[in-house]
Amino acid sequence: MSSRPTSATPAVDHAAAPARPALIWTALVLVYVLWGSTYLGIRVAVESLPPLTSAAMRFAAAAAVLALVLRLRRGPGALRVDRRQLGSAALVGVLLLAGGNGLVVLAESGPEGTAVPSGIAALLVATVPLLVVLLRTVGGDRPRPWTFVGVALGFVGLVLLVLPSGGSGSVPLVGALTVVAGAVSWSVGSYLSGRMRMPDDPFVATVYEMVAGAAALAVIAAVRGELQGFSPAEVTGRSWAALAYLMVAGSLVAFTAYVWLLAHAPISLVSTYAYVNPAVAVALGALFVAEPVTAQVLLGGAVIVVGVAVVVSTERPRRSAAPRVDGAAPEPARR
């Protein structure tokens, strides 16, 4: 999945942190467009870069930049955490970035016909809020009845999306299942992040999550033999540019905008990224790389988006002193 913000999101106190509507909508547009575009960025990056290696490079670079900024702004102790916080952040980072993002990157790589189109990947990843609701239910939580209606709708849309149609625009089943496996890993990481002792500062948590995710991705890439025969000179400028875009736009700019929104806007509004990002991804994929948008894609995607919208609107977190966002608005998929 693309670059995603931290699992430790601060409590929102809107009375203490008012913001002008223009600023809120500017930040929302950044999150909508930049995170939605990261699926296309991944597809372009893996055209000539090894998939998991490119993901490892992306998160390692973003972590280094964010750590440097925190160190310069806050001093030597900016990144200090205890062992338990470090372990929690590392586990969440592996689940989110190595499992979640890594599997999406793998699914989008490969020759045409076996690789999952970027827009389809975004629609499949949109099921994350639905999966988190199921995890909450297994954990003893009791979501509202309408939440389960939204979950059921979302999974009907998922089936419609991947149902074999026999046409040229059919979704590769293996690739689709790979993305769904990534969404499950992402959902488990999002669920655990709200139940483990994470670093208090979301930016610090993100640094350690990215470092752990990048390390795991690098190890898996080496085991897969991705670097055997790999030559940086053979990577196209187009792929390097896409990787740089993912590092800056997806992992740093959109993340900062999202964290700012959590402190200045209602979570019900911020959560709309969950069903706007897929629409952006589908549109960009069709516009820039001619990904097919069939009636099946439109129908399945629309049903998924409606299901996610029902879940997000009915599962708004109750205001409390809890430091993390409730499962109704899980961490965004950091593409």
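Everything below is about the structure printed above this text.
Report follows, based on the coordinates.

Thresholds, definitions, all that
- Residues numbered from 1 in each chain as written.
- Predicted model: local features only at pLDDT ≥ 70, side-chain atom pairs only at ≥ 80, totals over all residues.
- Heavy atoms only, no water.
- Helix = DSSP H or I, 4+ residues; strand = E, 2+ residues; numbered from the N terminus.
- Contact = heavy atoms within 4.5 Å.
- Areas by Shrake-Rupley, 256 points an atom, 1.4 Å probe, with all protein chains shown as cover.
- Expected span 1.5 Å × (residues − 1).
- Core = buried A, V, L, I, M, F, W, Y, C linked by side-chain atoms within 4.5 Å.
- Buried < 20%, exposed > 50% of the residue type's maximum accessible area, 1.4 Å probe, protein only.
- Axes fitted to C-alpha atoms, helices over the stretch in contact; angles between N-to-C directions.
- Parallel < 35°, antiparallel > 145°, perpendicular 65-115°, else oblique.
- Left-handed = near helix turned anticlockwise from the far one by under 90°.
- Nonpolar A, V, L, I, M, F, W, Y, C, P; charged D, E, K, R; others polar.
- Phe/Tyr/Trp six-rings, centres within 6.5 Å; stacked < 30°, edge-to-face > 60°.
- Patch = residues over 30% accessible without salt bridge, like charges linked within 9 Å, V, L, I, M, F, W, Y side chains within 5 Å.
- Salt bridge = Lys/Arg side-chain N within 4 Å of Asp/Glu carboxyl O.

## Concerning the overall build of the chain
Check the secondary structure of the chain and you find 12 helices and zero strands. Its helices and strands in sequence order give the chain the pattern α-α-α-α-α-α-α-α-α-α-α-α, from N to C terminus. The contacts of the chain with a sequence gap of at least 6 include a subset with a gap of at least 24, amounting to 91%. Here the chain displays about 14000 Å² of accessible surface, and carbon together with sulfur accounts for 68% of that area.

## Observations regarding helix α6 (residues 145-162)
Between its first and last C-alpha atoms α6 spans 27 Å; for 18 residues at 1.5 Å apiece the expected length is 26 Å, and the two agree. In this fold, the buried residues of α6 make contact with α4 (118-125), α5 (128-138), α7 (173-193) and α12 (295-314).

## Section: the nonpolar core
Taken as a class, soluble globular proteins show a tendency for nonpolar side chains to be buried jointly. Core analysis: the largest hydrophobic core is formed by 90 residues, its most contacted members being Leu124, Leu161, Val179 and Leu261. If we ignore the near neighbours within four places in the chain, the residues touching Leu261 are Ile24, Ala27, Leu28, Val31 and Val270.

## Considering the packing of helix α1 (residues 21-45) against α4
Where α1 contacts α4, the axes come no closer than 8 Å and their chain directions differ by 130°. The angle between α1 and α4 falls in the class oblique. At the point where α1 passes α4, the crossing takes the right-handed sense. Residues Tyr39, Leu40 and Arg43 of α1 form the contact with α4, whose participating residues are Ser118, Ala121, Ala122 and Val125. Of the residues contributing to the contact of α1 with α4, the split by class is five nonpolar, one polar and one charged.

## Some details on the environment of Gly100
On the secondary structure map, Gly100 appears in helix α3 (residues 83-108). By relative accessible area, Gly100 is classed as buried at 0%.

## Overview of the packing of aromatic side chains
All chains considered together, the criterion is met by four aromatic pairs. Ring centres of Phe203 and Phe255 lie 5.1 Å apart, and the angle between their planes is 80°; on these two criteria the pair is classed as edge-to-face. You can see Phe203 sitting in helix α8 (residues 202-223) and its partner Phe255 sitting in helix α9 (residues 237-264), a full 52 residues away along the chain. Judged on exposure class, the residue Phe203 and its partner Phe255 are both buried. Ring centres of Tyr258 and Tyr273 lie 6.1 Å apart, and the angle between their planes is 85°; on these two criteria the pair is classed as edge-to-face. Here Tyr273 lies in helix α11 (residues 273-289) and Tyr258 lies in helix α9, a separation of 15 residues in the sequence. In terms of burial, Tyr258 and Tyr273 fall into one category: buried. What links up through ring pairs into an aromatic cluster is the set Trp35, Tyr258 and Tyr273.

## Let's talk about a nonpolar patch on the surface
On the surface, Trp146, Val149, Leu153 and Val306 cluster together to form a nonpolar patch covering roughly 370 Å² of accessible area. The element that contributes the greatest number of residues to the nonpolar patch is α6, accounting for three residues. For Trp146, the location among the structural elements is in helix α6. Given a relative accessible area of 57%, Trp146 falls into the exposed group.

## Things to note about the packing of α3 against α7
The contact between α3 and α7 brings their axes to 8 Å, and the two run at 165°. On the basis of their axis angle, the class for α3 and α7 is roughly antiparallel. Classified by chirality, the crossing of α7 by α3 is left-handed. Residues Leu91, Val92, Leu95, Leu96, Leu97, Gly99, Gly100, Leu103, Val104 and Ala107 of α3 lie in contact with α7, whose contacting residues are Gly175, Thr178, Val179, Ala181, Gly182, Ser185, Trp186, Val188, Gly189, Ser190, Leu192 and Ser193. For the contact of α3 with α7, the residue count by class is 13 nonpolar, nine polar and no charged.

## Observations regarding the side chain of Thr53
For Thr53, the location among the structural elements is in helix α2 (residues 51-74). Leaving out residues up to four positions away in the same chain, Thr53 has contacts with Ala221, Glu226 and Leu227.

## Overview of the environment of Val180
Mapping Val180 onto the fold places it in helix α7. Remark: the alpha-carbon pair of Val180 and Val128, spanning 52 residues in sequence, is separated by 8.9 Å. Ignoring any residue separated from it by four or fewer positions in sequence, one finds Val180 in contact with Leu124 and Leu158.

## Overview of the pattern of salt bridges
In the structure shown here, the tally under the stated rule is six salt bridges. Where Asp82 meets Arg197, a salt bridge forms, and the shortest distance between an N and an O atom there is 2.2 Å. Within this pair, whereas Asp82 is found in the loop between α2 and α3, its partner Arg197 is found in the loop between α7 and α8, the two being separated by 115 residues in sequence. Relative accessible area serves as the criterion here: at 38%, Arg197 is assigned to the partly exposed category.

Worth remembering: the numbers are spatial, not functional.
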